Amino acid sequence: MATTIEPAINQSAKSGAQPLLSIRNVSKSFAKNPVLRDVSLQIAEGEFLTILGESGSGKTTLLRIIAGFENASSGEVFMGGERIDMLPPYRRRVNTVFQNYALFPHLSVSENVGYGPRVAKVDKSEIAVRVEQALAMVKMTAYAGSKPSQISGGQQQRVALARALVNRPGLLLLDEPLSALDANLRRQMQVELKSLQREVGIAFVFVTHDQEEAMVMSDRIALLHMGELEQIAAPREIYARPATAYTAQFIGHTNLLRAEVRGGVARYGPLRWHTSTPDGVALFSLRPENIRCVQDGSGANAEVICFRGRISSQAFHGATELLKIACEGGLTLSMRSAARETWEGERQFEFAAGDAVPVRESHSGEGGADR
Amino acid sequence: MFSRAYRVAITLPPLLWVTLFLLVPYLLLFCYSFWSVSPQQIIVHSWSLDNYRELLRVNVYLQTLFRSMWIAARVMFFALLLGYPLAYYLSFHAGKRRDLLYQLVIIPLWVSYLVRAYAWKTILGSDGVLNTLLEYVHLTKHPLEFLLYSPFAVVLTLTHIYTPFAFLPIYASLEHIPRNLVEASHDLGASPFQTFWRVIFPLSIPGILAGATFAFVLSLGDFLAPLLLGGPSGIMISNVVVSLFGAVYNWPLGAAISLSMLGLVLGLLFLSETLEKKWSIR
């Protein structure tokens, strides 16, 4: 193969350093059914990367290709400059926390944690020390002698984590590890997992379908949709500057505006705003919280767009509420604001032109409807 | 939830069946084992432990029992030796051929036991398939005598007949092992060989115990294979019982041996049950 210049796909979070893991043009089909299409991404040392996607997006398949449980139909995986996609899972410096933990039922908690060092023929006394450290790290020392069936789901989760980390992997893969836990424990584990990751400094690849979880924990989010990488970026960036209509809708709520652009002005119903988007039909994402209710429309100028409307429905979310605005010209927009008692009569609303972010149409074509 | 009449209606038939065809005969057998036979060949209903004393006193009975156990132990060993790798292969590596192979293991069970035993007779006999072949290729000059009418023939036939019984529980226990445990083991750096010995084998022990028990207990009580293929040196304890109930006409002694065997087998079943419980963790 001819020497090719490494394409600058997705700059890793920590620029300059060689990526820890590099996935290049990986595709995977099951019985001619494509589940991954030409996915490329890089993971930096110490990074917390979340692979986010709904079920069937290919996120677990991608993880299993990194771990070595599946072979890619095409493409390559490199780790620290070495090609690893031909290696069996037991030759990779990668460990996995499985979705349902996969603890060995016939072994005690400490035997489970000591499994990796033991099969690697590490010295017995050293195994004991490392198992103890790993159990202390996840606060499970008291359960060292218990069998997996005797401890709770959350505790099994910690043991699975200790069992993986005790091997000091270059990269830790986590396959929806929190999905079996109830909401409160889940939030607690998100925080613990994140701080544990900072403490050990090992790169984590975390798979989830929960966009909030992804935003709370990740340094970067890779959003997969029908086997394709939609966008990879830091949580704030992916939220503020979604690249595609799908990203904008999947991460948080949004208003998708299918506007007509002519001469640098986007028209959507009665709304007009300046844009640098070329002429033609274009999609814009406008986050509900970027719409404000104002006293009068006097603040309107080239950068701030003003319109009138009345609140047609109200969904209370605690600190905030999500409102539907029925605007002039039969349009409906969503707006998020601090929770208030009543919204009566016709009101003035505004948003900044810069908050209407142009987004690409997604390949599968959904996202056309404005919601 | 269900009416009393309904519960009685569904419980009664099997209960009657078990009482009539299992409990009553065993009770009769139990009574017989304490009675005796007069010189005029009449059953005397006088209660004594004489039959059990006879059993321990006459060497032939104990020798035959030990030979039976030794044959059963060998059958158990070979059935596991054949059944385990087969079950392992089917469960983990057979892929698309699995269903077909599984049927191939099961189908021989549909063929009559007698037919299979006779088949071995035609294979192992002096003019049998095997001896003819060996002489034809000049490996032997005379028919090998030990092939038929020997404990060897009995072990071979019983292994053939009872290997599926050892295979099935092992296969079931292997199928029960969550595959992500195997993945977890590989993920933690264990080679396939290490994964087998540290994860798969320990988790299949309950199946091995069940399979071993099946093969041993079924062989121990077998009387057709020794009758057809065992010859004088391959006689097993059940043949003794058969002749005591038949030609010898000493039902009381036959009953005593039967009940002793029953006790032995129940003890074995209890032991294997206990061990299986100890080994099945979930």
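Residues numbered from 1 in each chain as written. Chains lettered and ligands numbered in written order. Predicted model: local features only at pLDDT ≥ 70, side-chain atom pairs only at ≥ 80, totals over all residues.

S.K.: So what's going on with the overall build of chain B? Residues and values would help.
M.R.: Per the secondary structure count, chain B includes twelve helices and two strands. Along its sequence from the N terminus, chain B presents helices and strands in the succession α-β-β-α-α-α-α-α-α-α-α-α-α-α. The globule rule puts the C-alpha radius of gyration for 282 residues at 19 Å, and the 23 Å found for chain B is more than 25% above it. C-alpha atoms of chain B, sized along the principal axes, occupy 75 × 75 × 35 Å. The contacts of chain B with a sequence gap of at least 6 include a subset with a gap of at least 24, amounting to 72%. (Helix = DSSP H or I, 4+ residues; strand = E, 2+ residues; numbered from the N terminus. Rg over C-alpha atoms; globule rule 2.2 N^0.38 Å. Contact = placed C-beta atoms within 7 Å.)

S.K.: I'd love a proper account of the interface of chain B and chain A, names of residues and values included.
M.R.: Listed as interface residues are 17 residues of chain B and, on the opposing side, 20 residues of chain A. Breaking the side of chain B that touches chain A down by element, the ones donating at least two residues are α8 (179-187) and α9 (192-220) of chain B. It is α8(B) that contributes the most residues to the side of chain B that touches chain A, six residues altogether.

S.K.: Can you break down the nonpolar core residue by residue, with the values?
M.R.: Core analysis: the largest hydrophobic core is formed by 105 residues, its most contacted members being Ile66(A), Ala162(A), Leu171(A), Val205(A) and Ala222(A). A per-element tally of this core places helix α5 (residues 153-165) of chain A first, with six residues. Structurally, this core is a two-domain feature, drawing no fewer than three residues from each of domain 1 (21-245) and domain 2 (250-359) of chain A. Every residue in contact with Ile66(A), bar those within four places of it in the chain, is listed here: Leu21(A), Val77(A), Val94(A), Leu173(A) and Val205(A). With 52 residues, the next largest nonpolar core counts Val155(B), Phe214(B), Ile237(B) and Ile257(B) among its residues. (Core = buried A, V, L, I, M, F, W, Y, C linked by C-beta atoms within 7 Å. Buried ≥ 20, exposed ≤ 12 C-beta atoms within 10 Å, placed from the backbone. Domains from an automatic or database assignment.)

S.K.: Quick one: what's the story with the domain arrangement of chain A, residue by residue and with numbers?
M.R.: Note on interface size: it is often stated as the accessible area lost on association of the parts. Residues and elements named next belong to chain A. Annotation of chain A at the domain level lists domain 1 (21-245) and domain 2 (250-359). Taken over C-alpha atoms, the centre of domain 1 sits 39 Å from the centre of domain 2. Among the residues forming the side of domain 1 that touches domain 2, the class breakdown is six nonpolar, two polar and one charged. (Nonpolar A, V, L, I, M, F, W, Y, C, P; charged D, E, K, R; others polar.)

S.K.: Tell me about the sheet that holds strand β20 (residues 357-359) of chain A, and name the residues and values.
M.R.: Residues and elements named next belong to chain A. The strand order across the open sheet built from five strands is β13-β12-β11-β14-β20, with neighbouring strands paired in antiparallel fashion. With one partner strand each, in any of the chains shown, β13 (271-274) and β20 form the two edges of the open sheet. Ignoring strand direction, the axes of neighbouring strands in this sheet form an average angle of 40°. Bridge count for strand β11 (residues 255-262) against strand β12 (residues 265-268) is three bridges, and the pairing is antiparallel. Counterpart to Glu 260 in the pairing with β12 is Arg 267. (Pairing = 2+ DSSP bridges. Axes fitted to C-alpha atoms, helices over the stretch in contact; angles between N-to-C directions.)

S.K.: Before we move on, can you summarise the sheet that holds strand β8 (residues 203-208) of chain A with the specific residues and values?
M.R.: Residues and elements named next belong to chain A. Taken together, the six strands give an open sheet; going across it, the order is β6-β7-β8-β3-β9-β10, and neighbouring strands pair in mixed fashion. Two strands bound the open sheet, and with one partner strand each, they are β6 (94-97) and β10 (228-233). Across the sheet, the mean angle separating the axes of adjacent strands is 20° when strand polarity is ignored. The sheet contacts of α5 involve β6 and β7 (171-175), and relative to β6 the element is tilted by about 175°.

S.K.: Requested: an account of the pairing of strand β1 (residues 21-30) of chain A, with residues and values cited.
M.R.: Residue and element names in this part refer to chain A. Here β1 runs beside strand β4 (residues 74-79); their pairing, made up of five bridges, is antiparallel. Paired with Leu 21 across the bridge in β4 is Met 79. Sheet topology note: the β1/strand β2 (residues 33-43) ladder contains seven bridges and is antiparallel. Paired with Val 26 across the bridge in β2 is Val 39. The hairpin formed by β1 and β2 contains two residues between the paired strands, and Ala 31 there has a positive phi angle of roughly 50°.

S.K.: Give a detailed account of the packing of α9(B) against helix α12 (residues 251-279) of chain B, specifying residues and quantitative values.
M.R.: The angle between the axes and the distance between the axes are what describe a pair of packed helices. All names here are of chain B. With their axes 9 Å apart at the nearest point, α9 and α12 run at an angle of 170° to one another. It follows from the interaxial angle that α9 and α12 lie roughly antiparallel. Taken together, the residues of α12 that come into contact with α9 (itself represented by Ile 205, Pro 206, Leu 209, Ala 210, Thr 213, Phe 216, Val 217 and Leu 220) are Val 265, Leu 268, Leu 269, Ser 272, Leu 275, Glu 276 and Trp 279. Along the lines of polarity and charge, the residues of the contact of α9 with α12 split into twelve nonpolar, two polar and one charged. (Parallel < 35°, antiparallel > 145°, perpendicular 65-115°, else oblique.)

S.K.: Kindly report on the packing of helix α2 (residues 50-57) of chain B against α12(B), identifying the contributing residues and their values.
M.R.: All names here are of chain B. It is the contact of α2 with α12, at a shortest axis distance of 9 Å, that shows an interaxial angle of 70°. By the criterion of interaxial angle, the relationship of α2 to α12 is roughly perpendicular. Only Pro 252, Leu 253, Ala 256, Ile 257 and Ser 260 of α12 make contact with α2, whose side of the interface consists of Asn 51, Tyr 52, Glu 54 and Leu 55. Taken together, the residues that form the contact of α2 with α12 break down as six nonpolar, two polar and one charged.

S.K.: Can you break down the environment of Phe216(B) residue by residue, with the values?
M.R.: Residue and element names in this part refer to chain B. Relative to the assigned elements, Phe 216 resides in helix α9. On a C-alpha basis, the gap between Phe 216 and Trp 70 in space is 9.6 Å, while along the polypeptide they are 146 residues apart. Aside from chain neighbours lying at most four places away, what touches Phe 216 is Ala 72, Ala 73, Met 76 and Leu 268.

S.K.: Requested: an account of α12(B), with residues and values cited.
M.R.: Taking 1.5 Å of rise per residue, the 29 residues of α12(B) would be expected to cover 42 Å, and the 41 Å separating its terminal C-alpha atoms lies within 8% of that figure. Residues Trp251(B), Pro252(B), Leu253(B), Gly254(B), Ala255(B), Ala256(B), Ile257(B) and Ser258(B) constitute the buried set of α12(B). (Expected span 1.5 Å × (residues − 1).)

S.K.: So what about the pairing of β11(A)? Which residues, and what values?
M.R.: All names here are of chain A. Pairing between β11 and strand β14 (residues 280-286): seven bridges, direction antiparallel. Note that in β14 the partner of Leu 257 across the bridge is Phe 284. Between β11 and β12, which pair antiparallel one after the other, the connecting turn spans two residues, and Gly 263 there sits at a positive phi close to 55°.

S.K.: Any chance you could break down the environment of Leu286(A) for me, citing the residues and the numbers?
M.R.: All names here are of chain A. Its place among the elements puts Leu 286 in strand β14. Between the C-alpha atoms of Leu 286 and Ala 259, which are 27 residues apart in sequence, the distance is 12 Å. If we ignore the near neighbours within four places in the chain, the residues touching Leu 286 are Thr 254, Asn 255, Leu 257, Phe 351, Asp 355 and Ala 356.

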